[in-house]
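Single-letter residue listing:
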Amino acid sequence: MKLINNTVFDCSIIDVSKIHNEAGNITVVENGYNIPFEVKRVYYLYDIPGGEVRGGHAHYELQQFIIAASGSFDVILDDGKNKKRVTLNRPNLALHIVPGLWRELDNFSSGSICLVLASHQYDEGDYIREYTKFKQYRNE
Ligand code: TYD
């Protein structure tokens, strides 16, 4: 797959569903069942100060599921031509981010938790952290 052909329209919100009962809800994400890649790493952002912007980078290979495990925030996706702002505010909805897209996260509500399921282990070499370099990569 030529990753740099990916666009913001290849990213979708997937309802990973929930098991509801009177004692509360459970949402399950399971490899081979309701996620389109194998999860190799899980991390979460929390204690995010008001007005903070996170992200500001792209990945060559990494795919991610981003979930508002608590509260809400926005993800801004950018493929070099199109931009899309997605609000996440339900713990059963995951935003699937395909490789090759610039992303920023903002509008974090107080106490929000951003849960990320990732397709690869951490590798700084997979990051593009400069927007000009990202634009160059997309125009190659
Ligand atoms: P970064 O991915 O830039 O955070 P965000 O996109 O949420 O703003 O990572 C922030 C710092 O944390 C950076 O120094 C790298 C480090 N880090 C790890 O060591 N391992 C990881 O799995 C992640 C996601 C980040």
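The rules we used
- Residues numbered from 1 in each chain as written.
- Predicted model: local features only at pLDDT ≥ 70, side-chain atom pairs only at ≥ 80, totals over all residues.
- Heavy atoms only, no water.
- Pairing = 2+ DSSP bridges.
- Helix = DSSP H or I, 4+ residues; strand = E, 2+ residues; numbered from the N terminus.
- Near = heavy atom within 4 Å.
- Polar contact = N/O pair within 3.5 Å; in protein donor to acceptor, adjacent residues only side chain to side chain.
- Areas by Shrake-Rupley, 256 points an atom, 1.4 Å probe, with all protein chains shown as cover.
- Nonpolar A, V, L, I, M, F, W, Y, C, P; charged D, E, K, R; others polar.
- 1 Å grid on protein atoms, 1.4 Å probe; cavity = no way out; pocket = protein on both sides within 12 Å on 5 of 7 lines; lining within 4 Å.
- Points joined across faces, edges and corners; volume = space filled by probe spheres on them.
- Axes fitted to C-alpha atoms, helices over the stretch in contact; angles between N-to-C directions.
- Patch = residues over 30% accessible without salt bridge, like charges linked within 9 Å, V, L, I, M, F, W, Y side chains within 5 Å.
- Salt bridge = Lys/Arg side-chain N within 4 Å of Asp/Glu carboxyl O.

Structural notes on the sheet that holds strand β8 (residues 83-88)
And then number 1: An order of β8-β7-β10-β5-β12 is seen for the 5 strands of this open sheet, with the pairing classed as antiparallel. Two strands in the sheet have a free side with no partner beyond their single neighbour: β8 and β12 (127-128).
And then number 2: Bridging between strand β5 (residues 54-59) and β12 involves 2 bridges; their strand directions are antiparallel. Residue alanine 58 lies in a different strand from β12, and its bridge partner there is isoleucine 128.

Quick word on the site of the ligand
And then number 1: Around the ligand lies a shell formed by Arg41, Tyr43, Leu45, Arg54, Gly55, His57, Tyr122, Tyr127 and Arg129.
And then number 2: The separation between an oxygen atom of the ligand and a polar side-chain atom of tyrosine 127 is 2.7 Å.
And then number 3: Side-chain polar atom of arginine 129 to an oxygen atom of the ligand: 2.9 Å apart, as the coordinates give it.
And then number 4: For the ligand, whose accessible area on its own is 530 Å², the fraction buried by protein is 61%.
And then number 5: Class assignment for the residues of the shell around the ligand results in 4 nonpolar, 2 polar and 3 charged.

Focus: the layout of surface pockets
And then number 1: Within this model, the largest pocket holds a volume of roughly 200 Å³.
And then number 2: Every residue lining the largest pocket is counted, 13 residues in all, and those nearest its centre are Tyr43, Leu45, Arg54, Gly55 and His57.
And then number 3: Of all the secondary structure elements, the ones that give two or more residues to the lining of the largest pocket are β4 (41-45), β5, β6 (64-70), β10 (102-106) and β11 (113-118).
And then number 4: Looking at which element gives the most residues to the lining of the largest pocket, the answer is β5, with 4 residues.
And then number 5: Residues that form the lining of the largest pocket fall into these classes: 7 nonpolar, 4 polar and 2 charged.

Here we look at the sheet that holds strand β1 (residues 12-15)
And then number 1: Here 5 strands make up an open sheet; going across it, the order is β1-β9-β6-β11-β4 and the pairing antiparallel. Here the strands that pair on one side only, and so sit at the sheet edges, are β1 and β4. Each adjacent strand pair in this sheet contributes to an overall mean axis angle of 25 degrees, direction not counted.
And then number 2: The sheet contact formed by β6 and β11 spans 6 bridges and is antiparallel. Among the inter-strand pairings, glutamine 64 is bridged to a residue of β11, identified as alanine 118.

Observations concerning a nonpolar patch on the surface
And then number 1: On the surface, Ile19, Ile26 and Val28 cluster together to form a nonpolar patch covering roughly 260 Å² of accessible area.
And then number 2: With respect to the helices and strands, the residue isoleucine 19 is situated in strand β2 (residues 19-21).

Section: unusual backbone geometry
And then number 1: Of note in the backbone geometry, serine 17 takes a positive phi value of approximately 65 degrees without being a glycine.
And then number 2: Relative to the elements of secondary structure, serine 17 occurs in the loop between β1 and β2.
And then number 3: Phi at asparagine 107 takes a positive value of approximately 60 degrees, unusual for a residue other than glycine.
And then number 4: When you line up the elements, asparagine 107 lands in the loop between β10 and β11.

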